[in-house]
Amino acid sequence: MKLRAGIDLGGTKIQAVVVDEQYAVLGQQRLPTPTKGGPQDVADAMAEAIRSAATEAEAEPAELSSIGVGSPGDVDDETGTVTSARNLPGWEGSFGLAGALQDELGPAVRIGNDVTVATAAEAELGAGQPYSSLLGVFWGTGVGAGIVLDGKPWTGRDAAGEIGHMVVKIGGAKCPCGRHGCVEAYAGRGAMETRARELVRKGEETNLFKIMEKRGRERLTSGIWARALVRHDRMAQRLVDRAIEALAAGIASAVNLLDVEAVVLGGGLGVRLGDPYRQRIEQAMLPHLFADDRPPPLLLAQLGDLGGAIGAALLAADGDRR
Ligand SMILES: [Zn+2]
């Protein structure tokens, strides 16, 4: 039996899976993304996650036929490098991630853009299966999208799908990318946390950071936002309302441009907040849709938060053929 590994490198977590040829998950491991150090520290944590997922699948890393990586930043699969992955520590420059992992683990490594591979996973194995055109929107630390047109991923000149940096308010809030008024400035979990900290400094009350401390975390994870919402935390509600408005305007604008058959919503927050919030985004899109008599369905990612890692394993299947 041929086993492959897929690993999703996120701003908050590293998720590894080991799958069989039918993409059934035989082993998995999730580790927090290092917040200090540099790319080599991140690569070490990734290797550890793959070793542990392989152990659960009763395999040695060297027995894997290939390893696929879904990474943020500018990805070059030819050279195996990842450049300026800004949500990761000390990763402003270029780093040979494929080589580093191959040196540590053995098998060939393929690298793809994190949201492109997660969208491919939903298109081939998840909620997007019935459609030939699809927008996958991933709502997490940042906000990204993958585009499938006529059954093929559309990556433009390598930077398509940056839905998080579509402008929803001219001269609006500062985005982590340095520009203003982007979707992500309102809806990215990173920007939402920055805003929450500002409001606390101004004397506003919230349970968000108390929940964070109680859970021994250093950041406001999706689980913490979800918990605060359940407890009717006013600040959390307000910031999530704002996120939904921005996301909905961005997704609706993308639909106006591409007229895809369906939109799949994933990412840490998208998956964690689930159907009630999916419905709210779908409703909030309506006023912005040009063809509002036939909105495309907004579907939850079926592969949940393993989608990115499974998508990376799909990429690894190409590695086998190399
Ligand atoms: Zn931006």
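Preceding this section is the structure that the text describes.
What this report covers is the structure whose coordinates are included nearby. (Residues numbered from 1 in each chain as written. Predicted model: local features only at pLDDT ≥ 70, side-chain atom pairs only at ≥ 80, totals over all residues. Heavy atoms only, no water.)

## Quick notes on the pattern of salt bridges
Scanning the entire structure with this criterion turns up 10 salt bridges. A salt bridge links Lys13 to Asp8; its shortest N-O distance comes to 4.0 Å. Take Lys13 and Asp8: they sit in the same class, and that class is buried. Close ionic contact of Arg280 with Asp241 constitutes a salt bridge, the shortest N to O distance being 2.7 Å. In this pair, Arg280 sits in helix α9 (residues 267-285) while Asp241 sits in helix α8 (residues 234-258), placing the two residues 39 residues apart along the sequence. For Arg280, a relative accessible area of 36% puts it in the partly exposed group. (Salt bridge = Lys/Arg side-chain N within 4 Å of Asp/Glu carboxyl O. Buried < 20%, exposed > 50% of the residue type's maximum accessible area, 1.4 Å probe, protein only. Helix = DSSP H or I, 4+ residues; strand = E, 2+ residues; numbered from the N terminus.)

## Comments concerning a negative patch on the surface
Negative charge collects at one region of the surface, where Asp74, Asp76, Asp158 and Glu162 lie side by side. By the element assignment, Glu162 lies in the loop between β11 (152-153) and α4 (183-187). By relative accessible area, which is 43% here, Glu162 ends up partly exposed. (Patch = residues over 30% accessible without salt bridge, like charges linked within 9 Å, V, L, I, M, F, W, Y side chains within 5 Å. Areas by Shrake-Rupley, 256 points an atom, 1.4 Å probe, with all protein chains shown as cover. Lys, Arg positive; Asp, Glu negative; His and termini not counted. Charge placed at Lys NZ, Arg CZ, Asp CG, Glu CD.)

## Description of unusual backbone geometry
Phi angles above zero are rare outside glycine, and Ser84 is one such case at about 40 degrees. Among the structural elements, Ser84 can be located in the loop between β6 (81-83) and β7 (94-95). Accessibility expressed as a relative area gives 14% for Ser84, which makes it buried. Non-glycine residue Asp158 carries a positive phi angle of around 100 degrees. Turning to its location among the elements, Asp158 is positioned in the loop between β11 and α4.

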